[in-house]
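Read off the chains here:
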Amino acid sequence: MTAMNPEEPLLMVPGPVPVAAEVLAAAALPPVFHHAPGYYRLFDETRAMLAEILGCAGSVEILPGGGRLGLEAAIRTSVAPGDRALLCSNGFFAGWLEQIARRTGADVDVLPEPPGSPADAAAVRAALGEAHREGRPYRLVLVVHCETATGTVTPLRPLGEACREYGALLLADAVSSAGVIPLDMESDLVDLCGTASQKGLGSLMGLSIVGIGARARAAWAEESRATCDSFALDLTRWRARPDAPTAGYPVVPAPSLVRALHRAVRLLLDEKPEARFARHDAAAAAVRDVLRGAGLKLFGDSPTSGLTTIEMPAGLSAVRLQRRIRDEHGVLVATGMGADADRLLRISHMGLQARRQPLERTLRAVFDVLADEGASAVGGAPVNAAPVNTVVDLPDLDITGTGA
């Protein structure tokens, strides 16, 4: 069971997620000297466990900051002014990748897809091939593995195959997919992968994780490459050589948060990633069965098992519903992002959220507010609050701190 402040809502958003009591206890230990041998060992153990979770045969680095910081470090280390980058854009967070890449001075081309649809691998291959024939090849392809704003998953291996064929690096934003759905950098042919501590990995917010494959390291080592203009974000300075000392980090990566992350990834590996993914699958299926049974419309063509996105019934505001669900039921769900903020409502079910009590409490809260708002289901009939106890097959664990 997690420790909860009764004045704080139950977190059913896609990050931060509730964390295990053992993770909180690890973070609360007395401060440790970041050059102590024991801390070095813990830091490297954490990196090794993260490499196992990410399927990374190269190296994994842990940076202080949110997930976007690690992605920026990977982009800034990989492209210089004038380099060409290709962005697969199908939602809000892809737009952030575009902004980061443009700020490096890269020449960024965008392949757009509608929100809720995965990136088009055939279009990526065609763009890479055309650029190669023109003699102006792309150096980097950027994709969001799971677009958190809609819960849409893009398969990575077809993109990786195209990148290998045309000599580009593939960078995947895995902030809301690592530890949630299967991800293996080696078999998916991903060269750079960025994620964060507070979502599928089940830890506290504040750490950014970057998986670095051999092709990325080799590309960075090219003598013709310009040096990254950032001191802290230059990933070649984070153990640039295989024999670099353990102390080789230019910025101290928050020892107390690393302790918490160490415990969280140990818990994930003890559960076994396949078992956790199966639990997420079961939670997603149960939640979606209840919502569809009530006549609600779900959003997206390729949904993740870590979160479910609901299209708002006509005339209803997702922002208003979110506020009422929080204030009246003590449950925090998420709205959409950007232009979709008021038309989408998102329920997360990753990690400890993918359990019976929190999901039942969340669904009851959503239905209560929808009914009070006079919501109409698809076809115009009133929303039918389908039996919420259809999620009983999930593991029974109270994470609310209230017994509810």
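Given the structure is predicted, the values throughout are model-derived calculations rather than measurements. Per chain, residues are indexed from 1 in the order of the written sequence. At least 70 in pLDDT is required for a residue's local features to be given in this predicted model, at least 80 for side-chain atom pairs to be given and counted, and no such filter applies to totals for whole chains, interfaces and linings, which use all residues. To get the side-chain values, all heavy atoms of the structure are used, and hydrogens and water are removed first.

Asker: It is not clear to me how the pairing of strand S8 (residues 169-173) should be interpreted in this structure. Could you clarify?
Answerer: Regular strands have side chains that alternate between both faces of the sheet. For S8, the buried fraction is high: 5 of the 5 residues fall into the buried class. Burial of the side chains of S8 extends over both faces: Leu169, Leu171 and Asp173 are buried on one face and Leu170 and Ala172 on the other. Relative to S8, strand S5 (residues 140-144) is paired through 5 bridges, and the arrangement is parallel. Counterpart to Val141 in the pairing with S8 is Leu170. Pairing between strands is defined by DSSP: at least two bridges between the two strands are required. Under the DSSP-based scheme used, a helix requires at least four consecutive residues in state H or I and a strand at least two consecutive residues in state E, with every element numbered from the N terminus. In this sheet, strand S9 (residues 192-196) lies alongside S8 in parallel orientation, the contact comprising 3 bridges. Of the residues in S9, the one forming a bridge with Ala172 is Cys193. Each residue gets one of three labels from its accessible area relative to the maximum for its type: buried under 20%, exposed over 50%, partly exposed in between, using a 1.4 Å probe on protein chains only.

Asker: When you look at the confidence of the model for the protein in this model, what are you seeing that I'm missing?
Answerer: As a general rule, the predicted coordinates of low-pLDDT regions are not to be interpreted in detail. Within the protein, residue pLDDT values average 90, and 89% of them lie at 70 or more. Between residues 1-6, whose pLDDT stays under 50, and residues either more than four places distant or in other chains, the model counts 14 contacts. pLDDT measures how confident the predictor is about each residue, on a scale from 0 to 100. Whether two residues touch is decided by their heavy atoms; if any such pair falls within 4.5 Å, the residues are in contact. Overall, residues 398-404 carries pLDDT values under 50, and its contacts beyond four positions in sequence, including any with other chains, amount to 18 contacts.

Asker: Is there a simple way to explain the packing of helix H10 (residues 273-293) against helix H12 (residues 356-372) in this structure?
Answerer: Packed helices, taken two at a time, are described by the angle their axes make and the gap between the axes. Axis angles are defined between N-to-C directions and span 0 to 180 degrees, where every axis is a line fitted to C-alpha atoms and, for a helix, only to the segment in contact. It is the contact of H10 with H12, at a shortest axis distance of 12 Å, that shows an interaxial angle of 25°. What the angle tells us is that H10 and H12 run roughly parallel. For H10 against H12, the interelement crossing comes out right-handed. Between H10 and H12, the residues in contact are Ala283, Val287, Val290 and Leu291 and Leu359, Leu363 and Phe367, respectively. Here the contact of H10 with H12 is built from residues that sort into 7 nonpolar, no polar and no charged. Here the angle decides the label: under 35 degrees means roughly parallel, over 145 means roughly antiparallel, 65 to 115 means roughly perpendicular, and every other value means oblique. Put simply, a crossing is left-handed when the front helix is turned counterclockwise from the back one by less than a right angle, and right-handed when it is turned clockwise. Note on residue categories: nonpolar means Ala, Val, Leu, Ile, Met, Phe, Trp, Tyr, Cys or Pro, charged means Asp, Glu, Lys or Arg, and polar means any other residue, Gly included.

Asker: How do you make sense of the nonpolar core when you look at a structure like this?
Answerer: Grouped burial of nonpolar side chains is what soluble globular proteins tend to show. Core analysis: the biggest nonpolar cluster contains 76 residues, and Leu54, Ile75, Leu128, Val141 and Leu235 have the highest contact counts within it. Ranked by residue count, the leading element in this core is helix H2 (residues 37-54), at 9 residues. Those residues in contact with Leu235, other than ones at most four positions away along the chain, are Leu63, Ala73, Ala74, Thr77, Val210, Ile212, Arg217 and Trp220. Counting 30 residues, the second-largest nonpolar core is a separate cluster that includes Leu10, Val333, Leu370 and Val383. Grouping buried Ala, Val, Leu, Ile, Met, Phe, Trp, Tyr and Cys residues that are joined through side-chain atoms within 4.5 Å yields what is termed a nonpolar core.

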